[in-house]
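Fold and contact review
Chain residues, written in single-letter form:
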Amino acid sequence: AQTGMIVTIAIMAFVPSITDSLVLIGWMVFTHNIFNSLQDVSVDALAVDLLREEERGRVSGLMYGSKFIGTFIGGAVLSRVLTSSGLDGVFACQVLILLAILCVPLFLRERAGEKLLPWTRGEVQGETAAAISSSIKVLFQRLGRAFSLRASILAGLIGLGMFIANGALGPILQVFYQQELGWARTDYTDISGGYGVFLGLAGAMGGGFLADAFGAKRIIAIGTICLGLNYLAFAAMDPEFLGWGWFSWTSDGAMTTFILLEGFLVSMASVGLFSMYMTVSWPLVAGTQFTAYMAVLNLSTTTGQWISGAVEQYGIVNIMIVFGLFQLAIVALLPLIDVHQTRRVLGDGALEVA
């Protein structure tokens, strides 16, 4: 996957005129994203396969937190490279970064005693031939078994509902900030994309370590409850409802606190979900199952964005109350999930026969 990403960027770097080759550039970006998705799935499968349960929370936090660091590098660093060296400089930096990342799967052993490279000493990866799906049909049969269990289904339902509120409120609140509060567009982005990035990073990494210490479901519950309360607190800041001093929409400090808390809590809940999904996933189809859960989380946000246009007419206070209560209601499903059901019922896949 890394090699494919490097090749597509290298091809774009050698295109003489970007504006005259938009079709080629479009296909290269499309192909690049395919390799990017393949890498994403493979890393997730590797994490499910290798990590012990007591490690999954903090590693999920580090993985999710690293995305914030990557966003910062892509936005703050490469934008300056673009200004000083143009697209050629950006492409060169990207290739160097991808080559460095490529060294990790290439030169590090997944398990002690296995071959580093095909021609070096050692054994092949510890998976038996029976643990590899021999066909697409077998893969989907196993995936169907994995998703037939109550824990797997409920985990998916929680993911489907988790970010509906966040997705719906995003566009509604941005309109509210600009039209009702008179903010410039940069006022919001300076908060969410500035120091909000670092608070999101703290939520991701802190949530990961807490998930290992106290359990992923507890961290999901805490993040979800606090997120719902944050939305209800926003409704309570209506000047006609309470409207005193610092606890009001008219207070920049109160609005900033709301935005930062939302980013922190979304990161915290996300990492808890990642850790839980790693444990719920069946090792035989870990990559596919975990990716399905990630797709459900994306669907949750997209569903919320679709809903936002239909509910914006009901007023910001009513919207915040409804979504705040909905966010709190999601927690009711968590106690029903037995995160160890999949491996207890289906096993770890070592003796599975294709």
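The structure we're discussing is the one just above.
**Observations regarding the overall build of the protein chain**
The secondary structure content of the protein chain amounts to 12 helices and zero strands. Overall, the protein chain shows an N-to-C arrangement of helices and strands of α-α-α-α-α-α-α-α-α-α-α-α. Whereas a compact globule of 354 residues would reach a radius of gyration of roughly 20 Å, the protein chain reaches 23 Å, a difference of no more than 12%. With the C-alpha coordinates aligned to their principal axes, the bounding extent of the protein chain is approximately 70 × 55 × 35 Å. Put simply, the protein chain has 354 residues, and 40% of those count as buried. Taking as baseline every contact in the protein chain between residues at least 6 positions apart, the subset at least 24 positions apart corresponds to 76%. Element-wise, carbon and sulfur atoms account for 67% of the exposed surface of the protein chain, whose accessible area totals about 18,500 Å².

**Describing the nonpolar core**
By size, the foremost hydrophobic cluster in this structure holds 67 residues, and its most contacted members are Tyr177, Phe234, Phe258, Leu273, Met276, Tyr277 and Met320. If near-sequence neighbours (up to four positions away) are discounted, Phe234 is found in contact with Leu173, Phe176, Tyr177, Trp249, Met255, Phe258, Ile316 and Met320. In terms of nonpolar packing, the next biggest core, distinct from the first, is built from 10 residues, Met5, Ile6, Phe91 and Val95 among them.

**Quick word on the state of the cysteines**
In this structure the tally under the stated criterion is zero disulfides. Left unpaired, Cys93 is separated from the closest cysteine sulfur, that of Cys103, by 17 Å. According to the relative accessible area criterion, Cys93 is partly exposed, its value standing at 27%.

**Comments concerning the side chain of Ser60**
Locating Ser60 in the fold gives a position in helix α3 (residues 53-107). Overall, the relative accessible area of 1% leaves Ser60 in the buried class.

Cut-offs and rules
- Residues numbered from 1 in each chain as written.
- Predicted model: local features only at pLDDT ≥ 70, side-chain atom pairs only at ≥ 80, totals over all residues.
- Heavy atoms only, no water.
- Helix = DSSP H or I, 4+ residues; strand = E, 2+ residues; numbered from the N terminus.
- Rg over C-alpha atoms; globule rule 2.2 N^0.38 Å.
- Buried < 20%, exposed > 50% of the residue type's maximum accessible area, 1.4 Å probe, protein only.
- Contact = heavy atoms within 4.5 Å.
- Areas by Shrake-Rupley, 256 points an atom, 1.4 Å probe, with all protein chains shown as cover.
- Core = buried A, V, L, I, M, F, W, Y, C linked by side-chain atoms within 4.5 Å.
- Disulfide = S-S within 2.5 Å.

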